[in-house]
Structure formats: C-alpha cells, structure tokens
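Listed below are the residues making up each chain.
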Amino acid sequence: MGFNCGIVGLPNVGKSTLFNALTATQAAEASNFPFCTIEPNVGRVAVHHTRLYEIHRIAKSKTVVPAQIGFVDIAGLVKGASKGEGLGNQFLGHIREVDAIAHVVRCYESDGITHVEASIDPIRDAETVETELLIADLESMERRIEPVAKKAAIGDKDAKQAMAVLEPVLAALHEGRPARAATVPEGRDQDVKALQLLTVKPVMYIANVEESAAATGNELSARLAEKAAAEGSECVVISAGIEAEIATLTDTDEALEFLESLGLEEPGLDRVKQAGYDLLGLITFFTSGPNESRAWTVPRGITAARAAGKIHTDFERGFIRAETVSFDDFIDCGGEQGSRDAGKMRSEGKDYVIQDGDIILYRFNV
C-alpha cells in the first residue's frame, strides 16, 4: 500500500519544480506563467528507507524494493476556482482523487518570478486556496443535505442517521472550518471520509523558501509553521530549487557534500515524504530473504493478518502465524538466524498489531 498526495497551491509557487525534484524527472513543465500545468502530472516516488538498506546489507538480498508514494502535480488555483475560474473545476476534481494534500506556499521574494497577487503573503495565499475548497464543499453539502433532511423529517431511520454526520459537517463549513474538523458522533469518522469532500483531506504545508533559508527557514515560513501548528497540520521547509538540483546529482557523496555545504543533513524531500506518512498515520514493515528485501506501507494499528493481505490475498486467507522481529533486534543479532538463536524472533497470531519497523516472515497455507 502506498498513497497519493496532491501538490496544490497558487500559480508560480514552485509546485512543478517540487514535483520534478520528487520524481527526478522533467515531467512537469516549470515556467513563469499561470496555468503552466493543465493536466495533472503523476509520478511514483520511492521512499528512501535507511532501515531497508540496512536489512538488505545484512540479509544479502539480491534486490531491494522500497515503498512508493504517488505525487500528483495539480494545476495552480486562483480566486474563484470554486466558481470555475481559471481551471477551477478540473483542479477541484483532481483533488478529490488524492489521499492527502501537499499545499505549496511561496515564502520567498523574487523580482524574476511573478506572483498572481503581486506581493508575498504566505497566510493570505494559504487561505485563498483553503477558501476555494471550503466554498466548493459548502455548495456540495447544501445540495446533498436537502433531500436527506426531508426524509429525516418524516421519520426515515437511515436519513436520521445520515443527518447526524451531515449536520455537524455543514455547520463546520459554515463556520469556515474544514470538514475534517467537524465534531461527529463517535465511530462515524469513516462516514465523513465517505462524503469525498475536499476539506476532508489531511493537509501538509510546504514552505518554499530561498536557497539561503533552506536549513533554517525565514520569517515567512515561520508564520506558515505557526498556522500549521494551530491546525494540527504538518509543515516542511524546503527550497524547491535546491531539491531540483540535488535530484540531478547521481553521485551520493557529491549529493551529501552539497547538502553539508548548505547546512542540511538530508534532502528536504525526505522530510516531505515522512510528513506524508505522519499525516496519514502510516507505518512501515519489512519482509526480507535471499531474493528480496522490501518495505511495505500500512496504516498504523493494522493487524498481522490484514497486513499479510497487502502482500498477497493468499497470505491473509491462509494465515498461520507471523514470525516477527524488531528492526533493532534484527540488526543487533546480525539477521534472521541470529535473531532466532537469541530468542528475539517471536511467533505472532493474526490479531497481533504491526509495529513500525517490524521484519516479518509470514507462514500460511491455502
């Protein structure tokens, strides 16, 4: 399991440059004019798991298969998108297809790159995008709730249950809050997600700063980070231009030297990917053997049997047990056999809850 993350924002904030860096391609044209991106660009991005390569080194597997994230570069949004301005209808439709939103916000001054508002204000820009999503959701909910409310008024049981979710969601939107912030009855969170509203999607902000601020951020990115913290969202500071340059370096030592010269310990893109995992409550477990070491992305709290089904339905259907060792124990013991000899390999049943970093050998019979 991976996930799809839509890259959104106003025109000319660095979305396509970021997408190119993430996918290490020039698939997304990056130019200095609005609506450079019309059709969404889609790319699958390998997640660099240091742990996976440590497992591979010890297991001496023939191949390594990292987990992947799908990134979608979506056309820039402008005021009035909810009414069809710019590429509004296409933009909003593309957002509905993703699991999370990476909202790129420009946090740098540049005379050479135009801004649709002719000035730089990250909070205003973020709110412009959010407002258009809220308006689109509000109009959708008002159309949706009317027939349900009529049925509920004459005693329809299913309609009454639906209204218990629809009413608080609509109220939140009227108050200018996203649908994900609505207070609904316990156990009904999945019903909110099923509404397929734009503001249900979890959001991480990406503060795109100038090169000199890539390591520390700047005053503009600090303001955006405060906004994100107040909302309980993630915020990552990067310089899209630097990330695009790093993506062109094929020599690992050269890339590390370049990062060090900028005061960076890792590419900002690695932090973007990790923020995506944190945003959606995802963890990683591993499988490893002579032929392959692989990373698997699953929701936090998933059971061993359900996780087995992510590998192959036969694994879940014929589940017997999950022979499990933690990453730290696997490394300390020098691999699978060492872990067994040290008594660190555990036999877990189908209801065992997968922990981040678990290395699992599934036993099954169909």
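Right above here is the structure, for reference.
Residues numbered from 1 in each chain as written. Predicted model: local features only at pLDDT ≥ 70, side-chain atom pairs only at ≥ 80, totals over all residues. Heavy atoms only, no water.

For helix α11 (residues 304–311), give the residues involved together with the corresponding values.
Note that an α-helix has 3.6 residues per turn; residues three or four places apart therefore point the same way. Residues of α11 that are buried include every one of Ala304, Ala305, Ala307 and Ala308, and no others. All buried residues of α11 lie within an arc of 160 degrees about the axis, which places them on one face of the element. Taken together, the buried residues of α11 touch β8 (282–288), α12 (313–317), β10 (319–325) and β12 (359–364). (Buried < 20%, exposed > 50% of the residue type's maximum accessible area, 1.4 Å probe, protein only. Helix = DSSP H or I, 4+ residues; strand = E, 2+ residues; numbered from the N terminus. Arc of directions from axis to C-beta. Contact = heavy atoms within 4.5 Å.)

So what's going on with the packing of helix α1 (residues 15–23) against helix α8 (residues 240–247)? Which residues, and what values?
Relative to each other, α1 and α8 sit at 30 degrees, their axes nearing to 8 Å. Put simply, α1 runs roughly parallel to α8. Crossing handedness for the pair α1 and α8: left-handed. Only Ala240, Gly241, Glu243, Ala244 and Ala247 of α8 make contact with α1, whose side of the interface consists of Thr17, Leu18 and Ala21. (Axes fitted to C-alpha atoms, helices over the stretch in contact; angles between N-to-C directions. Parallel < 35°, antiparallel > 145°, perpendicular 65-115°, else oblique. Left-handed = near helix turned anticlockwise from the far one by under 90°.)

So what's going on with a negative patch on the surface? Residues and values would help.
Together, Asp251, Asp253, Glu254, Glu257 and Glu260 make up a negatively charged patch on the protein surface. Locating glutamate 260 in the fold gives a position in helix α9 (residues 252–261). Relative accessible area serves as the criterion here: at 61%, glutamate 260 is assigned to the exposed category. (Patch = residues over 30% accessible without salt bridge, like charges linked within 9 Å, V, L, I, M, F, W, Y side chains within 5 Å. Areas by Shrake-Rupley, 256 points an atom, 1.4 Å probe, with all protein chains shown as cover. Salt bridge = Lys/Arg side-chain N within 4 Å of Asp/Glu carboxyl O. Lys, Arg positive; Asp, Glu negative; His and termini not counted. Charge placed at Lys NZ, Arg CZ, Asp CG, Glu CD.)

I'd like a description of the nonpolar core, backed by residues and values.
The biggest cluster of nonpolar side chains holds 60 residues, and the ones touching the most others in it are Ile7, Leu18 and Phe71. When residues no more than four places from it in sequence are discounted, the contact partners of isoleucine 7 are Lys15, Leu18, Phe19, Leu22, Phe71, Val72, Asp73, Ile74, Ala102 and Val104. Among the nonpolar cores identified, the runner-up in size contains 21 residues, and Leu138, Ala159, Leu166 and Val169 belong to it. (Core = buried A, V, L, I, M, F, W, Y, C linked by side-chain atoms within 4.5 Å.)

Quick rundown of the packing of helix α4 (residues 122–153) against helix α7 (residues 219–231)? Include the residues and the values.
Direction vectors running N to C along α4 and α7 enclose 45 degrees, while the axes themselves pass 9 Å from each other. Taken together, the axes of α4 and α7 are oblique relative to one another. Here Pro122, Ile123, Ala126, Glu127 and Glu130 of α4 lie close against α7, whose contacting residues are Leu220, Arg223, Leu224, Lys227 and Glu231. Classifying every residue of the contact of α4 with α7 gives five nonpolar, no polar and five charged. (Nonpolar A, V, L, I, M, F, W, Y, C, P; charged D, E, K, R; others polar.)

A description of the side chain of asparagine 208 should follow, citing residues and the corresponding values.
Following the sequence through the fold, asparagine 208 ends up in strand β6 (residues 203–208). Owing to a relative accessible area of 4%, asparagine 208 belongs among the buried residues under this scheme. Among the polar contacts listed, one links the side chain of asparagine 208 to the backbone oxygen of valine 13, at a separation of 2.9 Å. The residues contacting asparagine 208, other than those within four sequence positions of it, are Val13, Gly14, Val104, Val105, Arg106, Cys107, Tyr108, Ile238, Ser239 and Ala240. (Polar contact = N/O pair within 3.5 Å; in protein donor to acceptor, adjacent residues only side chain to side chain.)

Kindly report on the pattern of salt bridges, identifying the contributing residues and their values.
Scanning the entire structure with this criterion turns up 16 salt bridges. Among the salt bridges present, the one from glutamate 323 reaches arginine 363, with a minimum N-O distance of 3.2 Å. Here glutamate 323 is found in strand β10, whereas its partner arginine 363 is found in strand β12, with 40 residues between them in sequence. A salt bridge links glutamate 336 to arginine 340, with the shortest nitrogen-to-oxygen separation between them at 3.2 Å. Note that glutamate 336 and arginine 340 are positioned in helix α14 (residues 336–341) at a spacing of four residues, about one turn of the helix. Residue classification places glutamate 336 among the partly exposed positions, given a relative accessible area of 33%. Connected through shared salt-bridge partners, Arg321, Glu323, Glu336, Arg340 and Arg363 make up one network.

Worth remembering: the numbers are spatial, not functional.
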